[in-house]
Amino acid sequence: MRSQPDRSHRFPGARSRSLWLLGTALLAVACGVACDLFVPHNQPALPRLDPTTPPEPYVPGDPSPVSSLLTRAPYLQALTQTSVLIAFRSASALEPSVEYGTSLSYGASKAGPLGTVHAITLDGLTPGRRYYYRVRAGGETLAEGPDFFFETDAGRADGQLSFFVTGDVGEPGGEQAVTGERVRVTQPRSELGLICGDVIYPDGEASGYDDNLMTPWSPILRNLAVMPALGNHDWHVDPDVNFAEQWYLPNNEHYYSFDRGNAHFVALDTRNGNIWDRDNQVAWLRADLEAHQDATWTFVYYHHPGYTCTYKGYEDAVIENFHPVFDDYGVDAVFMGHAHTYERLYPMRGPNPVNQDQDPNYVDPDGTLYIVTGCGAKLKSSPTQDCDLNAFFVDETISFTHVQVDGNTLSIRQIESATGNVLDAVTVTKSIP
């Protein structure tokens, strides 16, 4: 961690009491929403939880085991207000079914076809409810337990949600399991995860997914939906084969968006810094943000930082093509990977940092927060350079970003994976009538 006495207010040591108080307050807040894909943003919202049968608070215990017949444990995708896709894989061809319901008694069932790659969609669900599920085949239970559940989204009226962000995670021999375990036990519980590219090292091969991501992250993938963006290592092989085989994402999977609660999320593809399908992607981004101005919060994530003081340097194509759109539509926060470190810039508008005097608690900032969080599994020894753009950075520390939305207040913490220590904390409050 850098040392800079003339700006000591920017470091955990000088803010330990305030950060401890903030962390304690955040830990006391629970949230219970999930991501919302494909659902029109103007669909009427129902209460987040049915007041007559609210779910029990989730207290993480030991992860429930899965059958050895499964080569990939269940993981959630396409989680909306009324549906979810449950994917898993088996060593031999099976004809499975997913039983589900609002308690561990289940009560409903959906069968899937014979095969080894399974993706079963449950639909007709009630918004804002917790459902439990289990996987069975041939009269045998392959996966079940209190940690096999999902929570449907309740729509725009729901202002309570939490999610985690990290990048550069699928490193052979890396510390992704440490990050995954800390995500699992951190409160408020994340119900959505974002990966800012370089999902699998060294070359994004489909064959590396189970050992380097799906197995070490099995305890969190079973009850939260993880939504990845493509990085340059994922582009070392054809992502339309290797990446698309693993995920069930909207649009063309290179760039897509989804809603959850009062937030809108956008994933972009910066490929090698030169932006994949640039003209179409930028036009799509502008149209997408135009269509979702009803969201209280807008979050964007991709791989290559534009402005950064890390060892990676600026990416001009990202700055020239994406940043003006973010400025035009008031994007609140952008999360990136690529550099294996943590860096938070002051709010940026154009090339200029703004509102430095408010750091780390912003009210109606005039720019977008840019956060590099590519340190979920591997590190880089090249140090980050101090500059006028960055408000805070931490090198050589495996960590992830935890984000909590509470109505018109946004709280962002950088959490050390090994210890759970809060390395950085920032809030943004909007004056909303």
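Quick caveat: nothing in here was measured; it's all calculated off a predicted structure.

The rules behind these values
Residues numbered from 1 in each chain as written. Predicted model: local features only at pLDDT ≥ 70, side-chain atom pairs only at ≥ 80, totals over all residues. Heavy atoms only, no water. Salt bridge = Lys/Arg side-chain N within 4 Å of Asp/Glu carboxyl O. Helix = DSSP H or I, 4+ residues; strand = E, 2+ residues; numbered from the N terminus. Buried < 20%, exposed > 50% of the residue type's maximum accessible area, 1.4 Å probe, protein only. Phe/Tyr/Trp six-rings, centres within 6.5 Å; stacked < 30°, edge-to-face > 60°. Lys NZ or Arg CZ within 6 Å of the ring centre and 35° of its normal. Polar contact = N/O pair within 3.5 Å; in protein donor to acceptor, adjacent residues only side chain to side chain. Contact = heavy atoms within 4.5 Å. Disulfide = S-S within 2.5 Å. Arc of directions from axis to C-beta. Expected span 1.5 Å × (residues − 1). Core = buried A, V, L, I, M, F, W, Y, C linked by side-chain atoms within 4.5 Å.

A. Representation of the pattern of salt bridges within the structure. Applying the stated criterion across every chain yields a total of 17 salt bridges. Close ionic contact of D259 with R156 constitutes a salt bridge, the shortest N to O distance being 3.2 Å. On the criterion of sequence distance, the pair formed by D259 in strand 12 (residues 256–260) and R156 in the loop between strand 8 (149–151) and strand 9 (160–166) is long-range, its members being 103 residues apart. A residue is classified by how much of its surface remains accessible, and D259, at 5% relative accessible area, is buried.

B. Highlighting the packing of aromatic side chains. What the rule picks out here adds up to 24 aromatic pairs. Seen in terms of ring centroids, W235 and W276 are 6.4 Å apart; in terms of plane orientation they differ by 40°. Their pairing is tilted. Of this pair, W235 sits in the loop between strand 11 (225–229) and helix 5 (239–242) while W276 sits in the loop between strand 13 (263–267) and helix 6 (278–291), and the two are 41 residues apart along the sequence. When the ring of F265 is compared with that of F299, the centres are 5.3 Å apart and the planes differ by 35°; the resulting orientation is tilted. Placement of F265 in strand 13 and of F299 in strand 14 (residues 297–301) is noted, with a sequence separation of 34 residues between them. In this structure, F265 and F299 share a single accessibility class: buried. Ring-pair connections join several aromatic residues into one group, and the members of that group are F163, Y256, F258, F265, F299 and F335. Just above the ring of W235 sits the side chain of R271; from NZ or CZ to the centre is 3.9 Å. A cation sits over an aromatic face here: K378 above Y201, 4.1 Å from the ring centre.

C. Structural context of the side chain of S64. With respect to the helices, strands and loops of the structure, S64 is situated in the loop between helix 1 (16–27) and strand 1 (70–77). Within the structure, S64 has its side chain in polar contact with the side chain of D147 (distance 2.6 Å). Not counting residues up to four positions away in its chain, the partners in contact with S64 are E144, G145, P146, D147, F148 and R222.

D. Here's a closer look at the environment of D328. Tracing the backbone through its elements, the reader meets D328 in helix 8 (residues 323–329). When the C-alpha positions of D328 and L289 are compared, they lie 9.5 Å apart, and in sequence the two are 39 residues distant. A polar contact of 3.0 Å, which involves the side chain of D328, links it to the side chain of R286.

E. View of the state of the cysteines. Evaluated as defined, the whole model comprises one disulfide. The disulfide bridge from C309 ends at C387, spanning 1.7 Å between sulfur atoms. On the sign convention where negative is left-handed, the bridge of C309 and C387, at about 45° about the S-S bond, is right-handed. Placement of C309 in the loop between strand 14 and helix 7 (316–321) and of C387 in the loop between strand 20 (369–373) and strand 21 (390–394) is noted, with a sequence separation of 78 residues between them. An identical accessibility class is assigned to C309 and C387; each is buried.

F. Just unusual backbone geometry, in detail. Note the cis peptide between Q187 and P188, where omega equals -5°. Among the secondary structure elements, P188 is positioned in the loop between helix 2 (176–185) and strand 10 (192–196). With an omega of 0°, the peptide bond between Y201 and P202 qualifies as cis. The phi dihedral of E253 is positive, around 70°, even though this residue is not glycine.

G. Examining helix 2 more closely. Within helix 2, the full set of buried residues consists of Q176, T179, G180, V183 and R184. Axial view of helix 2: buried residues confined to an arc of 140°, hence all on one face. Packing partners of the buried residues in helix 2 comprise strand 9, helix 3 (209–214), helix 4 (218–221) and strand 22 (399–406).

H. Just helix 6, in detail. Relative to the 20 Å expected for 14 residues at 1.5 Å per residue, helix 6 spans 20 Å between its end C-alpha atoms, a close match to the ideal helical length. Turning to helix 6, its buried residues number three or more, namely Q281, V282, W284, L285, D288 and L289. Around the axis of helix 6, the buried residues are gathered within 160° of arc, so they sit on the same side. Taken together, the buried residues of helix 6 touch strand 12, strand 13, strand 14, helix 7 and helix 8.

I. Spatial organisation of the nonpolar core. If you look at the biggest cluster of nonpolar residues, it comprises 59 residues, and the most contacted ones within it are F163, F299, Y301 and F335. Setting aside residues no more than four positions away along its own chain, F163 makes contact with S190, L192, L194, R260, F265, F299, F335, T401, H402 and V403. The next biggest cluster of nonpolar side chains, apart from the first, holds 27 residues, and it includes C309, I319, F326 and M336.

J. Here's a closer look at the environment of V183. Relative to the elements of secondary structure, V183 occurs in helix 2. With a relative accessible area of 3%, V183 lands in the buried category. For the pair V183 and F400, spaced 217 residues apart in sequence, the C-alpha to C-alpha distance is 8.1 Å. Those residues in contact with V183 that lie beyond four places of it in its chain are F164, I220 and F400.

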